[in-house]
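Chain and residue survey
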Amino acid sequence: MNNQISKLADISGAAKRVIAGLMSGTSLDGLDIALCEFSGSGFGTRVKLLHFITFPYKEAYKEQLKSISFKKEVSLQEVTLLNAVIGTYSAELILEALKKWDFPVDAVDLIASHGQTIFHAPFSFHQKISYPDATLQIGDGDHIAVKTGIITLSDFRQKHIAAGGEGAPLAVYGDYLLFSSLDENRILLNIGGISNFTYLPAGRHADLVFSTDVGPGNTMMDQFIQLHYPGKYYDEDAAIAKTGKANEALVTALMANEFFDDPFPRTTGPELFNMAYLRAAQKASSQQALPPEDVLASLCEFTARSIIGAIRNSIQDQSFEVYLSGGGMHNPLLAEKLAGGLGLKLKDTADLGIDPDAKEAVLFALLANECVAGGDTDYGSRQGIPSVTMGKISLP
Ligand SMILES: Nc1ncnc2c1ncn2[C@@H]1O[C@H](COP(=O)(O)OP(=O)(O)OP(=O)(O)O)[C@@H](O)[C@H]1O
Ligand SMILES: CC(=O)N[C@H]1[C@@H]2OC[C@@H](O2)[C@@H](O)[C@@H]1O[C@H](C)C(=O)O
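Residues numbered from 1 in each chain as written. Chains lettered and ligands numbered in written order. Predicted model: local features only at pLDDT ≥ 70, side-chain atom pairs only at ≥ 80, totals over all residues. Heavy atoms only, no water.

1. Let's talk about the site of ligand 1
Close contacts around ligand 1 come from 20 residues, with Thr-26, Gly-193, Asp-222, Asp-237 and Gly-327 the closest. At a separation of 2.8 Å, an oxygen atom of ligand 1 approaches a polar backbone atom of Gly-193. Contact distances for ligand 1 include 2.8 Å between a nitrogen atom and a backbone N or O atom of Asp-237. About the coverage of ligand 1: the protein hides 87% of its 670 Å² of free accessible area. By residue class, the composition of the shell around ligand 1 is two nonpolar, 12 polar and six charged. Shared between two domains, the shell around ligand 1 takes at least three residues from each, and those domains are domain 1 (3-168 + 360-378 + 385-394) and domain 2 (171-352). (Near = heavy atom within 4 Å. Polar contact = N/O pair within 3.5 Å; in protein donor to acceptor, adjacent residues only side chain to side chain. Areas by Shrake-Rupley, 256 points an atom, 1.4 Å probe, with all protein chains shown as cover. Nonpolar A, V, L, I, M, F, W, Y, C, P; charged D, E, K, R; others polar. Domains from an automatic or database assignment.)

2. Some words on the site of ligand 2
Around ligand 2, the structure places 16 residues, and the nearest of them are Thr-117, Arg-157, Leu-170, Ala-171 and Asp-213. With respect to ligand 2, the backbone of Ala-171 contributes an N or O atom lying 2.8 Å from an oxygen atom. The fraction of the free accessible surface of ligand 2 (430 Å²) that becomes covered by protein chains is 97%. At the level of secondary structure, the elements contributing two or more residues to the shell around ligand 2 comprise strand S4 (110-121), strand S5 (134-138), strand S8 (194-200) and helix H13 (359-373). For the shell around ligand 2, the leading source of residues is S4, giving three residues. Class assignment for the residues of the shell around ligand 2 results in six nonpolar, seven polar and three charged. Of the domains in this structure, domain 1 (3-168 + 360-378 + 385-394) and domain 2 (171-352) are the two that each give at least three residues to the shell around ligand 2. (Helix = DSSP H or I, 4+ residues; strand = E, 2+ residues; numbered from the N terminus.)

3. Remarks on the domain arrangement of the protein chain
Examined at the domain level, the protein chain breaks down into domain 1 (3-168 + 360-378 + 385-394) and domain 2 (171-352). Put simply, the middle of domain 1 and the middle of domain 2, counted by C-alpha atoms, are 24 Å apart. Contacts between the two partners involve 31 residues from domain 1, matched on the other side by 29 residues from domain 2. Roughly 2,400 Å² is buried in total at the junction of domain 1 and domain 2, and carbon and sulfur atoms are behind 64% of that figure. Sorting the residues of domain 1 by area buried against domain 2 places Phe-43, Leu-363 and Ile-385 first, and these three jointly supply 26% of that buried surface. (Contact = heavy atoms within 4.5 Å. Buried area = accessible area lost by both parts, 1.4 Å probe.)

4. Looking at the packing of helix H11 (residues 292-314) against helix H12 (residues 332-342)
Contact geometry for H11 and H12: axes closest at 9 Å, N-to-C directions at 35°. Along this stretch, H11 crosses H12, giving a crossing that reads as right-handed. The segment H11 lies against H12, with Cys-300, Glu-301, Thr-303, Ala-304, Ile-307, Ile-308, Ile-311 and Arg-312 engaging Leu-333, Leu-334, Lys-337, Leu-338, Gly-341 and Leu-342. When its residues are assigned to classes, the contact of H11 with H12 shows nine nonpolar, two polar and three charged. (Axes fitted to C-alpha atoms, helices over the stretch in contact; angles between N-to-C directions. Left-handed = near helix turned anticlockwise from the far one by under 90°.)

5. Focus: the nonpolar core
Residues Leu-189 and Phe-197 are the most contacted members of the largest nonpolar core, which totals 47 residues. Per-element tally for this core: the top contributor is H11, with 10 residues. Once you skip the residues sitting within four places of it in the chain, Leu-189 turns out to touch Asn-196, Phe-197, Ile-307, Ile-311, Val-322, Tyr-323, Leu-324, Ser-325 and Leu-338. Within the second largest apolar cluster, 36 residues are counted, among which are Tyr-176, Tyr-323, Val-362 and Val-372. (Core = buried A, V, L, I, M, F, W, Y, C linked by side-chain atoms within 4.5 Å. Buried < 20%, exposed > 50% of the residue type's maximum accessible area, 1.4 Å probe, protein only.)

6. Points about the pairing of strand S6 (residues 151-154)
Along a regular strand, successive side chains alternate from one face of the sheet to the other. Here S6 shows a buried face lined by Ile-151 and Leu-153 and a second buried face lined by Thr-152 and Ser-154. Here S6 runs beside strand S12 (residues 392-394); their pairing, made up of three bridges, is antiparallel. Within S12, the position partnered with Ser-154 by the bridge is Lys-392. (Pairing = 2+ DSSP bridges.)

Written out as structure tokens, the structure is:
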């Protein structure tokens, strides 16, 4: 037997596995690395977050990523080069993190790397008859495996599409296994570049669980800041938005898109929610001359309103708790609007034992754990949650 295959079999059969989960999302702001210790699989999964770090990307790297992300036309040469660069850079950052934590490289069993989404094109977005849902993440896993010497799982989203999903949100698998409760209805709301939530009704009934993207999280606020406030990447603590006033006509125009009428589950990205989308809404509402702080306050209101509407429409006449994660939970204006609109005191995933900033990286580590050592959970018959394991395996 190939040594690496036999090592993989040993990892699969071991009582515990150390898995490094890597996530870099649509905000293009940095790489999250969550070093996790797993035992068991399925509902028997136990995870301990050993270490967590975010490596913020340097300005030049962000610009390189931006140049090929979420646009219909980009340089194919740059995409090809960055596929290798992102893989290599991810490997370097893992090694740097392990060194910082004084954690031996050979004590890590697996790496689970999400890669960088550069284009997400569900049918609802591309509308090309006879073409499937499609998505593309780059940052090749072979580069990570060879440069770290650690077996690497990557490119998780393709199999989800092959099995009938849209390639996202994949958080539902880990949310269901780790956070579903027998007696509390839960919403796990992640506010990254894009916001998405998983509904976990009490009782763990697989057929009732679902997960969906909602619309923009931070992405439009971030893009607006980067365009109008040189040197800033996001509106820290909503300092600018707080000085503005949301414009009702603009918010109404922003909400007027058929995406918001599509049934759940639905997925999206900055391919739709971008500055062209804002310009169109400003034109439709004749609000092209608003001061920037009012536009920002309107974008914050838009994000809040789309999240509140989506949650209210899908969960009626039931009490539930909301557990936040993702960078948007640190935006105090957004958090205040959400709590007010939902009439709830919002919790976060720390209340369930997982650092909310690390949650997505932990969930990709969990997908690798399921691929290697689990795989027998029935996720029910809801569209968008095929009962498959995901991740392509790269041997060093
Ligand atoms: N203190 C803060 N004040 C306001 N906004 C904040 C703060 N901290 C983080 N954010 C927002 O969170 C964003 C980063 O969020 P996160 O890292 O969860 O996104 P992501 O993982 O890239 O997104 P996605 O889940 O869509 O892929 C920042 O770009 C910023 O908009
Ligand atoms: C295609 C893609 O990368 N989608 C991301 C993005 O960021 C948030 C939202 O849109 C979500 O659908 C997904 O990520 C999370 C981790 C998921 O799959 O659950």
